[in-house]
Amino acid sequence: MNQAINVEQLNSALTSLRTVRSSVSLVFETLSNGLRADHGEDGKDKFLMELQELLNIVSNNLRDLEQTVNGLPIPVPFNLGNTTYLSQETTQDRQALYTQLVNSYKWTDKIHEYSSYAHTLLSQNSLKRSYINSGSTKRRGKLQSNHNVAPLQVDNVINNIDRSYNDMKITISRPFASNAVVSINLSHVLKAVVAFKGLLMEWVMVKGYGETLDLWTESRHHVFKKVTENAHAAMLHFYSPTLPELAVRSFMTWLHSYVNLFSDPCKRCGCHLHHTSLLPPAWRDFRTLEPFHDECKQ
């Protein structure tokens, strides 16, 4: 209903505009014709009276147009100061400048409006995920740099984890300067390689037990591609800037849960292979380490 009213008002405004233009054109036409023979002896006075009557008609039509336009549900025209005179330029190049200025003004005005909305919404969120910017007044220890850790400390962390499992063998190498690359053999089930920068895990690649292990080539088996995707998610989930050793140990514990990749059924559907993907449960819950199919984990 409102849309119909707006269209009707717009049509009324356009009709008023056409009436004004027609009356103005009649004024200029009368001026161009000048005195005519039918004006008679008092031609000058009759001509002025006729012109005055036409101007009165223009004034009335213009008043009607202003009233109609004021009733339209449109925003107030932009006030761009003296730049509005650019629209009156006769050259084509300068006439285009006014349109560009109006579009730029609209764009910056929208940016300002949306920025205000974003500031209001973000200021309502009092959660602080940053360790440095925490609002707590409790005194904290110095924040460690996870990527700048002595190689001996990294070796100690990895070796302690290795001694915790009898069915998972962890080997450390350093082909790229001082940063460790950890190779993992999990009980003839899978192989994995984890690239470290200090104690920060940067990359994980999981492959089948009989495949060649490297950092860049994906496994040819779809199930181990899924495990690699899930391992990247786990690497981000367990990341902790304040407890890097706990993050590494938690990730290794999660990865060790794949020792029963091909034997444990899905905790939701109870099947070993999913009826659609025909894959074993390649997802492990971060908290309980229970196996799920990717389709059953929600």
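Just so it is clear, the model here is predicted, and its values are computed rather than measured. (Residues numbered from 1 in each chain as written. Predicted model: local features only at pLDDT ≥ 70, side-chain atom pairs only at ≥ 80, totals over all residues. Heavy atoms only, no water.)

Caption draft 1: Geometry of empty space enclosed by the protein. With the rule as written, the count across this model stands at two cavities of 30 Å³ or more. In this structure, the largest cavity occupies an estimated 60 Å³ of space. Grouping the constituent residues of the lining of the largest cavity by class yields three nonpolar, three polar and three charged. (1 Å grid on protein atoms, 1.4 Å probe; cavity = no way out; pocket = protein on both sides within 12 Å on 5 of 7 lines; lining within 4 Å. Points joined across faces, edges and corners; volume = space filled by probe spheres on them. Nonpolar A, V, L, I, M, F, W, Y, C, P; charged D, E, K, R; others polar.)

Caption draft 2: Geometry of the pairing of strand β2 (residues 179–186). Bridging between strand β1 (residues 168–176) and β2 involves seven bridges; their strand directions are antiparallel. Each residue of the ladder has a partner; that of Ser173, found in β2, is Val181. Bridge analysis of β2 against strand β3 (residues 190–197) gives six bridges, and the strand direction is antiparallel. The residue bridging Ile184 from the neighbouring strand is Ala192, located in β3. Linking β2 to β3, which pair antiparallel, is a turn of three residues; within it Ser187 sits at a positive phi near 45°. (Pairing = 2+ DSSP bridges. Helix = DSSP H or I, 4+ residues; strand = E, 2+ residues; numbered from the N terminus.)

Caption draft 3: Representation of the side chain of Lys207 within the structure. Assignment of secondary structure puts Lys207 in strand β4 (residues 200–208). Only 2.9 Å separates the side chain of Lys207 from the side chain of Asp214, close enough to count as a polar contact. (Polar contact = N/O pair within 3.5 Å; in protein donor to acceptor, adjacent residues only side chain to side chain.)

Caption draft 4: View of the sheet that holds β2. Read across the open sheet, the four strands follow the order β1-β2-β3-β4; overall the sheet is antiparallel. Here the strands that pair on one side only, and so sit at the sheet edges, are β1 and β4. Mean inter-strand twist for the sheet, computed between neighbouring axes without regard to direction, equals 20°. Of the strands in this sheet, β3 and β4 touch helix α5 (residues 222–237), which is tilted by about 165° from β4. Against the sheet, helix α6 (residues 244–256) makes contact with β1, β2, β3 and β4, and its axis sits at roughly 25° relative to β2, the strand it touches most. (Axes fitted to C-alpha atoms, helices over the stretch in contact; angles between N-to-C directions. Contact = heavy atoms within 4.5 Å.)

Caption draft 5: Geometry of the confidence of the model for the protein. Scored by pLDDT, the protein comes out at a mean of 81, with 80% of its residues at no less than 70. Contacts of residues 1–5 to residues separated by more than four positions or lying in other chains number zero contacts, the stretch itself having pLDDT below 50. Segment residues 129–137 is flagged for pLDDT under 50; beyond a separation of four residues in sequence, or across chains, it makes seven contacts in the model. (pLDDT = per-residue confidence, 0-100.)

Caption draft 6: Inspection of unusual backbone geometry at higher detail. Phi angles above zero are rare outside glycine, and Ser187 is one such case at about 45°. Inspection of the secondary structure puts Ser187 in the loop between β2 and β3. Looking at Ser187, the relative accessible area reads 33%, which means it is partly exposed. For Leu278, which is not glycine, the phi dihedral falls at a positive 60°. In this fold, Leu278 is placed in the loop between α6 and β5 (283–284). Overall, Leu278 belongs to the exposed group, its relative accessible area being 59%. (Buried < 20%, exposed > 50% of the residue type's maximum accessible area, 1.4 Å probe, protein only.)

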